[in-house]
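One letter stands for each residue in the lines below.
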Amino acid sequence: MKRRGIFFWIGAIVFLVAIALMTKLIGNEYPFFAGYVILQFIVLAVAWSILGGHAGYVNFGTSAFFGMGVYTAVFLFKVAGAPLLVQIAAAAAVGALMGFLLGLLTLRMQGIFFSIATIALTIVIETSITNWRYVGGAAGIQLLRPPVTWPFSGYVQMLFFVQAALVVLAVAISRYIQNSWIGRGLQALRDDELAAECTGVPTLRLKVLACVISGALMCAAGAPAAMYLQYADPSSAFNLNYSVSVLAMSLIGGTAHWAGPIVGAILLGSTQQLLTVTISSEINVLVLGVMLVLFVVAAPEGLIGLLRRIRRKEGKS
Amino acid sequence: MTPPDAPLLQISGLTKRFGGFTALDNVSVDIKPGERFGLIGPNGSGKTTLINCISGAFRTEARTVLFRGEDITQLPAHVRTRRGIARSFQIPRPFRSMTVVENLMVALDFAAAAGDFTSAAHRHETAMSILSGMGLASKADASATTLSQVELRKMELARAMATRPKLLISDEAMAGLSSSEVDEVLDLLMSLAEHDITVIMIEHIMQAVMRFSQRVMCLDAGKIIAIGAPNEVMANQRVQEAYLGT
Ligand SMILES: Nc1ncnc2c1ncn2[C@@H]1O[C@H](COP(=O)(O)OP(=O)(O)OP(=O)(O)O)[C@@H](O)[C@H]1O
Ligand SMILES: [Mg+2]
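Residues numbered from 1 in each chain as written. Chains lettered and ligands numbered in written order. Predicted model: local features only at pLDDT ≥ 70, side-chain atom pairs only at ≥ 80, totals over all residues. Heavy atoms only, no water.

### Remarks on the site of ligand 1
Residue and element names in this part refer to chain B.
(1) Moving on: Inspection of the region around ligand 1 gives 15 residues, with Gly44, Lys47, Thr48, Thr49 and Gln90 positioned closest.
(2) Moving on: Serine 45 has a polar backbone atom sitting 3.2 Å from an oxygen atom of ligand 1.
(3) Moving on: One of the side-chain N or O atoms of threonine 48 is found 2.7 Å from an oxygen atom in ligand 1.
(4) Moving on: Protein contact buries 64% of the 630 Å² of open area that ligand 1 shows by itself.
(5) Moving on: Going through the elements one at a time, β2 (21-31) and α1 (47-55) are the ones with two or more residues in the shell around ligand 1.
(6) Moving on: Among the elements that take part in the shell around ligand 1, α1 stands out by supplying three residues, more than any other.
(7) Moving on: A class-by-class count of the residues in the shell around ligand 1 yields five nonpolar, eight polar and two charged. (Near = heavy atom within 4 Å. Polar contact = N/O pair within 3.5 Å; in protein donor to acceptor, adjacent residues only side chain to side chain. Areas by Shrake-Rupley, 256 points an atom, 1.4 Å probe, with all protein chains shown as cover. Helix = DSSP H or I, 4+ residues; strand = E, 2+ residues; numbered from the N terminus. Nonpolar A, V, L, I, M, F, W, Y, C, P; charged D, E, K, R; others polar.)

### Focus: the sheet that holds strand β4 (residues 65-67) of chain B
Residues and elements named next belong to chain B.
(1) Moving on: If you walk across this open sheet you meet the four strands as β2-β1-β4-β5, and the pairing is antiparallel. The sheet terminates laterally at β2 and β5 (70-71), the two strands that pair on one side only.
(2) Moving on: Relative to β5, β4 is paired through two bridges, and the arrangement is antiparallel. Counterpart to phenylalanine 67 in the pairing with β5 is glutamate 70.
(3) Moving on: Against the sheet, α1 engages β1 (9-18), β2 and β4, with an angle of about 115° to β1. (Pairing = 2+ DSSP bridges. Contact = heavy atoms within 4.5 Å. Axes fitted to C-alpha atoms, helices over the stretch in contact; angles between N-to-C directions.)

### A closer look at the sheet that holds strand β3 (residues 36-40) of chain B
Hydrogen bonds between backbone groups are what pair the strands of a sheet, and the pairing can be parallel or antiparallel.
Residues and elements named next belong to chain B.
(1) Moving on: The six strands are arranged β6-β7-β8-β3-β9-β10 in an open sheet whose pairing can be described as mixed. The two strands at the open ends of the sheet, each matched to only one other strand, are β6 (85-87) and β10 (223-228). Here the strands of the sheet are splayed against their neighbours by 20° on average, with no regard to which way each runs.
(2) Moving on: Contacts between α1 and the sheet are confined to β3, β6, β7 (167-171), β8 (198-202) and β9 (215-220), with β6 contributing the most and set at about 145° to the helix.
(3) Moving on: Running at roughly 160° to β7, helix α5 (residues 149-162) makes contact with β6 and β7 of the sheet.

### Details of the side chain of threonine 122 of chain A
Residue and element names in this part refer to chain A.
(1) Moving on: Tracing the backbone through its elements, the reader meets threonine 122 in helix α5 (residues 111-130).
(2) Moving on: You can call threonine 122 buried: its relative accessible area is 4%.
(3) Moving on: In this structure the side chain of threonine 122 is engaged in a polar contact, spanning 2.8 Å, whose partner is the backbone oxygen of threonine 118.
(4) Moving on: Those residues in contact with threonine 122, other than ones at most four positions away along the chain, are Phe60, Gly61, Ser63, Ala64 and Phe238. (Buried < 20%, exposed > 50% of the residue type's maximum accessible area, 1.4 Å probe, protein only.)

Next up, the structure:
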């Protein structure tokens, strides 16, 4: 256990150093532009799995959290020209608050009712932002990036590095949850909430905690998107596509292990990028649908589950 | 503070309604520490409902349930478990995605944890020793979904025991078992009672109730119709009518 922890942190540091080197060595902006999107999806999928995987509460409102992250950044930038890190921190706080409210909802709603409520939440928030003129309303808002700060050579490179740091943060948290009593408690309440309560698990507190952490990370992942696109409008910031893609990434990767959503996000994220460039962005939806159906039928526990099953079979024979 | 012979559990004037239907009607009873208490009654008489009110699955009015002299009616179920009330379920509710020993680890991590800073390895050892006490040690690493009916019943009792209870409530832990299996589970419950754990046993199998209980209470349509020594309750006119009359 301890040894694995050391390996994990060495891996994380190597990852961040490699990212930092890339921003120095590669002159072309495009790889960062494309890579950023995949990193962003890793954070979202890992965050989604904290609630959807461990606790078994399926959140269809990823886009609500993501969009609120975008608009927290837009608002702070417009009102005070807040720097990027302040935008992200504030977005995390907003996401935590939203997660807290969502967590309270689990007191009354479970299963499909919870999921429907998260869709409703998305619609309510998107409508409110659409009618808020200060942040651009339905037409959206243009943002002018401030000059990049040392040691980065370009703004996109900086965003790329910052999102990579968020990946490390999200994965470290998810991994900690999986290996600790929090993970065991969430797993117990996913299996059976009443039995969990009667075994001493504070189910409401754990669900709220999972919602707060998941929400904070999702919002934080959305915050840099404003500066990334230099533009924000409600229908893209709250695009339902985020909810669907992130759900698909988590399920395809598998939620039984913290690495699952990472694998899923990389796989599906890069496929989507590739298709968008080579064919069109419409085909994404089709591919997503087909892959989801395939996995639900052939590997309901995702790639991680598939891998485990193969390993177990090999161990037996 | 509380005198040594004070009741462990006091139910007073407990009524539970579902809409217009009265499932428990003004039930009052005291359970003494260390007692082996049998709870009987025909189907639908309110036995499980009473357990749900004690364990916190259902909320009831203030001061209707006192545990060790304190009103517990406003406490959520997990706090009641931590205070020492454990239960098994009439239809077993294992944590299906976990192994048998992991099921017990949930109890040890959460219920027994208050002020208990033992290492994970030590808790695992504790779980294993509870399992071997129940004759389940060989199943420790099996998935909970692979267990037979008796094994599931035993695992539920083991998980309840892992919360370190003062009061254990067993809800028909013997239903659907063969007669030798009934004896096995009964011996288990008897041995718990020897360890200073108060046990409330709900059961339809009369020989088991007679052998186990120091005192028996019979519910019918949410009312207590008899309470006292096992043979007295069995001989009671109304008890016989309740069982035979339907
Ligand atoms: N959650 C609920 N909502 C509505 N009615 C309920 C609920 N729980 C129990 N009841 C009703 O209360 C009555 C008592 O049920 P309970 O389960 O306590 O009976 P029981 O004595 O445990 O019966 P059995 O021997 O069949 O287990 C039944 O008529 C049942 O339908
Ligand atoms: Mg019952």
